[in-house]
Every structure is written in structure tokens, then in C-alpha cells.
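Here is how the chains run, residue by residue.
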Amino acid sequence: MSASDPNTSIYMTDTPDDIKKKITSYAFSGGGRTLAEHMENGANLEVDVPFQYLTFFLDDDARLEEIRQQYGSGEMTTSVIKNELIQCLQNLIGEHQRRRAEVTEEMVDEFMRPRPLQANYL
């Protein structure tokens, strides 16, 4: 997934459908070429883009470790981990969009207003 290609980048303005399409279509998987190969060998977590994204965005460390074990051993399939990432990013980006919509011009103007800094060094 590359920022130079808008079809493969995830943006904070993407819709839930955009997120789903981009992850299912463009997120490189470290799973096997076939289901049988994946179940036998497990996923290469070092190159698996959905897993790497989850290491940054999934708040539940216990769940991440469960995914690491199951996906790395082949018990969990690529589609399951991609769906986990889709849910995670849809929630995160949806919350960001909701909060951003609440910001008014007056709030931005107040935030950007020049004012003296308070320096209490001693």
C-alpha cells in the first residue's frame, strides 16, 4: 500500500466502503499462496501488511498476540485478519471524522490566535 497511489492509501477522509475495498484489494498478505499452504506453514508476519497495521492501530494487546499466534501458525486465514483490520480502521477513522465534524471555524480561529507563551522555567 503506497501513498503515491490514492487507490492503495488509507486516508482519514475515506468512507467505510473505501477502507474495505482498499484493504481487501491492495493490502499485501504474508499468507500462503493456497489455503493448504497457509494452513501448513502459517503467515509471514514480517511482510503481512494487515498484521503490521494492526500492530500500530489495535489497542488490545491480548487480541494482537492471539492474532499473532493463530495467523502465524495458519489457524487464522488472511480474510479473517483483513476483516479485523477493516473493522479497526473503520472505527478509528469513523471516530476521527465524527470529531472533526464538530470542530467549528471559531474553534480553529481561537486555537490559531497569536498569544504570549507562558514560560515558567524557575
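Scope of this entry: the structure provided in the associated data block.

Rules of the game
- Residues numbered from 1 in each chain as written.
- Predicted model: local features only at pLDDT ≥ 70, side-chain atom pairs only at ≥ 80, totals over all residues.
- Heavy atoms only, no water.
- Helix = DSSP H or I, 4+ residues; strand = E, 2+ residues; numbered from the N terminus.
- Buried < 20%, exposed > 50% of the residue type's maximum accessible area, 1.4 Å probe, protein only.
- Contact = heavy atoms within 4.5 Å.
- Areas by Shrake-Rupley, 256 points an atom, 1.4 Å probe, with all protein chains shown as cover.
- Core = buried A, V, L, I, M, F, W, Y, C linked by side-chain atoms within 4.5 Å.
- Axes fitted to C-alpha atoms, helices over the stretch in contact; angles between N-to-C directions.
- Parallel < 35°, antiparallel > 145°, perpendicular 65-115°, else oblique.
- Left-handed = near helix turned anticlockwise from the far one by under 90°.
- Nonpolar A, V, L, I, M, F, W, Y, C, P; charged D, E, K, R; others polar.

## Considerations on the overall build of the chain
When helices and strands are counted, the chain shows six helices and zero strands. Each helix and strand of the chain, placed in order from N terminus to C terminus, yields the pattern α-α-α-α-α-α. Taken along the three principal axes of its C-alpha coordinates, the chain extends 65 × 40 × 25 Å. Residue burial in the chain is summarised as follows: out of 122 residues, 29% are buried. Contacts spanning at least 24 positions in sequence make up 55% of the contacts within the chain whose residues lie at least 6 apart. For the chain, the exposed area adds up to about 8,700 Å²; of that, 53% sits on carbon and sulfur atoms.

## Overview of the environment of Leu45
Topologically, Leu45 is positioned in the loop between helix H2 (35-41) and helix H3 (49-57). Take Leu45: its relative accessible area is 14%, and that puts it in the buried class. Each C-alpha atom, one on Leu45 and one on Ser29, is 8.7 Å from the other, the two residues being 16 residues apart in sequence. Setting aside residues no more than four positions away along its own chain, Leu45 makes contact with Phe51, Gln52, Arg68, Tyr71 and Gly72.

## Concerning the nonpolar core
One finds Ile23, Phe51, Leu54, Ile67, Tyr71 and Ile81 to be the most contacted residues of the largest nonpolar core, which totals 19 residues. Broken down by secondary-structure element, the contributors of at least two residues to this core are helix H1 (16-26), H3, helix H4 (61-73) and helix H5 (78-101). It is H5 that contributes the most residues to this core, six residues altogether. In this structure, Phe51 is in contact with Leu45, Leu64, Ile67, Arg68 and Ile81, ignoring residues within four places of it in sequence.

## Concerning the environment of Ile67
Turning to its location among the elements, Ile67 is positioned in helix H4. Separated by 17 residues in the primary sequence, Ile67 and Glu84 have C-alpha atoms spaced 9.4 Å apart. If we ignore the near neighbours within four places in the chain, the residues touching Ile67 are Phe51, Leu54, Leu58, Gly72, Met76, Ile81 and Glu84.

## Focus: the packing of H3 against H5
Contact pair H3 / H5: the axes reach a minimum separation of 9 Å and the direction vectors enclose 40°. On the basis of the axis angle, H3 is oblique to H5. The handedness of the crossing between H3 and H5 comes out as left-handed. Residue-level contacts link Pro50, Phe51, Tyr53, Leu54 and Phe57 of H3 to Ile81, Lys82, Glu84, Leu85, Cys88, Leu89 and Leu92 of H5. Looking at side-chain class alone, the contact of H3 with H5 contains 10 nonpolar, no polar and two charged residues.

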